[in-house]
Amino acid sequence: MPELPEVETTRRGIAPHIVGSCVTELRVHNPALRWPVPAELPAWVAGQPLHSVARRAKYLLFNFERGSALLHLGMSGSLRLADPASPRRTHDHLEWQFANGALLRYHDPRRFGCCLWSEGAHPQLAALGPEPLGDEFDGERLWQRSRRRTVAVKPFIMDNATVVGVGNIYATEALFNAGIRPDRAAGTISRARYQRLAEEIKRVLAAAIEQGGTTLRDFVNGNGESGYFAQQLSAYGRGGEPCPGCGALLSELRLGQRSTVFCKRCQR
DNA sequence: CTTTCAGCCTGACGGC
DNA sequence: TGCCGTCAGGCTGAAA
């Protein structure tokens, strides 16, 4: 399940192999992603080398001279450089062939992702809040934007208008580390505690990206998914297990239709 | 405006 | 063994 750190790891893994080369062929084996994937490469991409692979929130942007492709990995997507001789797997929906021989395969069993081309701005990016690891995001912003809000703090920090890229795993972890109950109304949390929460969001995401970096070599070789960060999670996926802080059993509830784990003693 | 929620989709897993 | 129900979750768009 690609969260921001996995998307960033993907970006770093593939970019050096394809930047500077042209897409010579696009093969769409199954166009039925979140939005239909265009069957043809847009005419304006022809002969244009890829300038850069950027990331905004959990989106990847493949920037060309005249426009860009916007990719999202959804819940179950992955993007990898493949050996052209290796057979296409089930759910390998898209293939991009580059002039330098690189072959990029998009794999997504649940098909929640997307691949959209645009010469101009992508509307999906229009209303996004700041990047969590940038200077624009801090506790002050969380505090300011949360005043008079009744929504629970967990869905508040998972809202892309507040800050982007904080998915269920890292929201759960950051709230645990900051000692804040996930169901507390966003508007009732102090400035000082939001300061702490912002720091924990940054810390947990940065640590996960660092871990992702170690899977980079596997990635390029196409050796498989890698278990990355899971062993280091304190709360996510551990409902009913002892709290790593106090030993009490971790509680579970659903917030905004998402499973949430927290410690009733350590989080207030 | 804010908040909530259905729906998209497949694979994993538990119960029978 | 296989079938059926449930769950997982990011994001959009619509309803309340």
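### What to know about the domain arrangement of chain A
As assigned here, chain A comprises domain 1 (4–119) and domain 2 (139–262). Taken over C-alpha atoms, the centre of domain 1 sits 28 Å from the centre of domain 2.

### A closer look at the pairing of strand S2 (residues 52–56)
By the bridge criterion, five bridges tie S2 to strand S3 (residues 59–63) in an arrangement that is antiparallel. Bridge pairing in S3 places Arg56 opposite Tyr59. Hairpin connection, S2 to S3: the antiparallel pair is bridged by two residues, and Ala57 has positive phi, about 55°.

### A short note on the packing of aromatic side chains
Counting across every chain of the model gives six aromatic pairs. A ring pair is formed by Trp96 and Phe98, whose centres lie 6.3 Å apart and whose planes are at 45°; its orientation type is tilted. Residues Trp96 and Phe98 agree in their burial class; the two are buried. An aromatic cluster of three or more residues is present, and its members are Trp44, Phe62, Phe64, Trp96, Phe98 and Trp117. Residue placement shows Arg34 over the ring face of Trp35; its charged tip is 5.6 Å from the ring centre. Over the ring of Trp143 we find Arg191, and its NZ or CZ is 4.2 Å from the ring centre.

### Observations regarding the protein's contact with DNA strand C
Inspection of the region around DNA strand C gives 19 residues, with Arg34, His72, Arg110, Tyr236 and Arg254 positioned closest. Expressed as a percentage, the sugar and phosphate content of the atoms of DNA strand C within 4 Å of the protein is 59%. Within the side chain of Arg110, a nitrogen or oxygen atom sits 2.9 Å from a base nitrogen of DNA strand C. Interatomic distance of 2.5 Å between a side-chain N/O atom of Arg254 and a phosphate oxygen of DNA strand C. Among the residues making up the surface near DNA strand C, the classes are represented as seven nonpolar, six polar and six charged.

### Structural notes on the nonpolar core
Nonpolar side chains tend to gather and get buried jointly when the protein is soluble and globular. Ranked by size, the top nonpolar core spans 28 residues in total, and within it Ile18, Phe62, Leu71, Leu79, Trp96, Leu104 and Trp117 carry the most contacts. Listing elements by their share of this core, those giving two or more residues are helix H1 (4–18), strand S1 (23–28), S3, strand S4 (68–72), strand S5 (78–82), strand S6 (92–98), strand S7 (103–107) and strand S8 (114–118). The element that contributes the greatest number of residues to this core is H1, accounting for four residues. Setting aside residues no more than four positions away along its own chain, Trp96 makes contact with Val23, Glu25, Leu26, Phe62, Ala69, Leu71, Ala102, Leu103, Leu104, Cys115 and Trp117. Counting residues in each nonpolar core, the second largest holds 26 residues, with Phe156, Val166, Leu175 and Tyr194 among its members.

### Comments concerning the protein's contact with DNA strand B
In the vicinity of DNA strand B, the residues found are Arg34, His91, Pro109, Arg110, Arg111, Phe112, Arg149, Thr150, Val151 and Gln257. The contact atoms of DNA strand B, taken as those within 4 Å of the protein, divide so that sugar and phosphate hold 61%. A distance of 2.6 Å separates a phosphate oxygen of DNA strand B from a polar backbone atom of Thr150. In the environment of DNA strand B, a base nitrogen lies 3.1 Å from a nitrogen or oxygen atom belonging to the side chain of Gln257. Looking at the surface near DNA strand B residue by residue, the class counts come to three nonpolar, three polar and four charged.

### A closer look at the sheet that holds S4
With antiparallel pairing, the four strands of this open sheet are ordered in space as S2-S3-S4-S8. Each edge of the sheet is formed by a strand with only one pairing partner; in this case those strands are S2 and S8. Across the sheet, the axes of successive neighbouring strands diverge by a mean angle of 20°, strand direction being ignored. Contacts between H1 and the sheet are confined to S2 and S3, with S2 contributing the most and set at about 170° to the helix.

### Overview of empty space enclosed by the protein
The probe, sized like a water molecule, is rolled over the atoms to show the empty space still left. Going through the model one piece at a time under the given rule, you end up with one cavity of 30 Å³ or more. Estimated volume of the largest cavity: approximately 40 Å³. Taken together, Leu71, Leu79, Leu94, Glu95, Trp96, Leu104, Arg105 and Tyr106 form the lining of the largest cavity. Elements with a contribution of two residues or more to the lining of the largest cavity: S6 and S7. Grouping the constituent residues of the lining of the largest cavity by class yields six nonpolar, no polar and two charged.

Conventions and cut-offs
Residues numbered from 1 in each chain as written. Chains lettered and ligands numbered in written order. Predicted model: local features only at pLDDT ≥ 70, side-chain atom pairs only at ≥ 80, totals over all residues. Heavy atoms only, no water. Domains from an automatic or database assignment. Pairing = 2+ DSSP bridges. Helix = DSSP H or I, 4+ residues; strand = E, 2+ residues; numbered from the N terminus. Phe/Tyr/Trp six-rings, centres within 6.5 Å; stacked < 30°, edge-to-face > 60°. Buried < 20%, exposed > 50% of the residue type's maximum accessible area, 1.4 Å probe, protein only. Lys NZ or Arg CZ within 6 Å of the ring centre and 35° of its normal. Near = heavy atom within 4 Å. Polar contact = N/O pair within 3.5 Å; in protein donor to acceptor, adjacent residues only side chain to side chain. Nonpolar A, V, L, I, M, F, W, Y, C, P; charged D, E, K, R; others polar. Core = buried A, V, L, I, M, F, W, Y, C linked by side-chain atoms within 4.5 Å. Contact = heavy atoms within 4.5 Å. Axes fitted to C-alpha atoms, helices over the stretch in contact; angles between N-to-C directions. 1 Å grid on protein atoms, 1.4 Å probe; cavity = no way out; pocket = protein on both sides within 12 Å on 5 of 7 lines; lining within 4 Å. Points joined across faces, edges and corners; volume = space filled by probe spheres on them.

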